[in-house]
Amino acid sequence: QVQLVESGGGLAQAGGSLRLSCAASGRTFSGSIMGWFRQAPGKMREFVAHITWSGGSTYYADSVRGRFTISRDNAENTMYLQMNSLKPEDTAVYYCAADPVDWRIATSESAYNYWGQGTQVTVSS
């Protein structure tokens, strides 16, 4: 059974930092893109960032570029999201996802086959 489990969410002050982790089990995602999405209350789930298997290519939403850093440790089958300079508008449930059907649509949630259960991030002003 494939599982993606997020951790590291919590409460932070504006300007602070959090680091999210996404641990995969049941299979390795070698060769697969992995990504982060988020969903704020009353809003649609939106793309945050994705990373290729090698880690050599990353892509970010404009809203987080320069503040968030995505990385992965394939030996540990784990992906990370370092979030710095947090803003109240970053408050959301953050989800990790893996193995999009097509890398060209890896910013679309509908492309992904596997999802975690989400972890809450709350940023206070």
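Refer to the structure presented above.
Residues numbered from 1 in each chain as written. Predicted model: local features only at pLDDT ≥ 70, side-chain atom pairs only at ≥ 80, totals over all residues. Heavy atoms only, no water.

> So what's going on with the sheet that holds strand 7 (residues 68-73)? Which residues, and what values?
Taken in spatial order, the four strands of this open sheet run 1-3-8-7, and their pairing is antiparallel. Bordering the open sheet on either side are strand 1 (3-7) and strand 7, each of which pairs with just one other strand. With strand direction ignored, the average angle separating the axes of adjacent strands in the sheet is 15 degrees. (Pairing = 2+ DSSP bridges. Helix = DSSP H or I, 4+ residues; strand = E, 2+ residues; numbered from the N terminus. Axes fitted to C-alpha atoms, helices over the stretch in contact; angles between N-to-C directions.)

> With reference to specific residues and values, describe the packing of aromatic side chains.
Under the counting rule described, the total for this entry stands at six aromatic pairs. Consider the rings of Phe 37 and Tyr 112, whose centres lie 5.3 Å apart with planes at 80 degrees: the pair is edge-to-face. Of this pair, Phe 37 sits in strand 4 (residues 34-39) while Tyr 112 sits in strand 10 (residues 112-115), and the two are 75 residues apart along the sequence. In this structure, Phe 37 and Tyr 112 share a single accessibility class: buried. Three or more aromatic residues joined by ring pairs make a cluster, and in this case those are Phe 37, Phe 47, Tyr 59, Tyr 95, Tyr 112 and Trp 115. The residue whose ring lies beneath Arg 45 is Tyr 95, and the NZ or CZ to ring-centre distance is 3.9 Å. Looking at Arg 65, its charged tip hangs above the ring of Tyr 59, at a distance of 5.6 Å from the centre. (Phe/Tyr/Trp six-rings, centres within 6.5 Å; stacked < 30°, edge-to-face > 60°. Buried < 20%, exposed > 50% of the residue type's maximum accessible area, 1.4 Å probe, protein only. Lys NZ or Arg CZ within 6 Å of the ring centre and 35° of its normal.)

> Which residues make up the pattern of salt bridges, and what are the values?
The tally for this structure, following the rule as stated, stands at seven salt bridges. Two residues, Arg 27 and Asp 99, come together in a salt bridge whose shortest N-O distance is 3.6 Å. Highlighted residues: Arg 27 in the loop between strand 3 (18-25) and strand 4 and Asp 99 in strand 9 (residues 92-100), separated in sequence by 72 residues. On the accessibility criterion, Arg 27 (27% relative accessible area) is partly exposed. The residue Arg 67 makes a salt bridge to Asp 90 at a minimum N-O spacing of 2.7 Å. Residue Arg 67 is located in the loop between strand 6 (58-60) and strand 7, and its partner Asp 90 is located in the loop between strand 8 (78-83) and strand 9; the two are separated by 23 residues in the primary sequence. Like Asp 90, Arg 67 is buried. Through salt bridges that share partners, Arg 38, Glu 46, Arg 67 and Asp 90 make up one connected network. (Salt bridge = Lys/Arg side-chain N within 4 Å of Asp/Glu carboxyl O.)

> Tell me about the state of the cysteines, residues and numbers included.
Scanning the entire structure with this criterion turns up one disulfide. In this model, Cys 22 is linked to Cys 96 through a disulfide, with the two sulfur atoms separated by 2.1 Å. Here the disulfide of Cys 22 and Cys 96 is right-handed, its torsion about the S-S bond being about 60 degrees. Separated by 74 residues along the polypeptide, Cys 22 in strand 3 and Cys 96 in strand 9 bring together distant segments of the chain. (Disulfide = S-S within 2.5 Å.)

> I'd love a proper account of empty space enclosed by the protein, names of residues and values included.
A water-sized probe rolled over the atoms picks out the places where empty space is left. Overall, the coordinates contain one cavity of 30 Å³ or more when judged by the stated rule. Computed from the structure, the largest cavity encloses a volume of approximately 30 Å³. Residue composition of the lining of the largest cavity, grouped by class: two nonpolar, three polar and two charged. (1 Å grid on protein atoms, 1.4 Å probe; cavity = no way out; pocket = protein on both sides within 12 Å on 5 of 7 lines; lining within 4 Å. Points joined across faces, edges and corners; volume = space filled by probe spheres on them. Nonpolar A, V, L, I, M, F, W, Y, C, P; charged D, E, K, R; others polar.)

> I'd love a proper account of the side chain of Asp 90, names of residues and values included.
A residue is classified by how much of its surface remains accessible, and Asp 90, at 1% relative accessible area, is buried. Polar side-chain contacts of Asp 90 include one of 2.7 Å to the side chain of Arg 67. Among all residues touching Asp 90, those that are not within four sequence positions of it are Arg 38, Arg 67, Phe 68, Ser 85, Val 121 and Val 123. (Polar contact = N/O pair within 3.5 Å; in protein donor to acceptor, adjacent residues only side chain to side chain. Contact = heavy atoms within 4.5 Å.)

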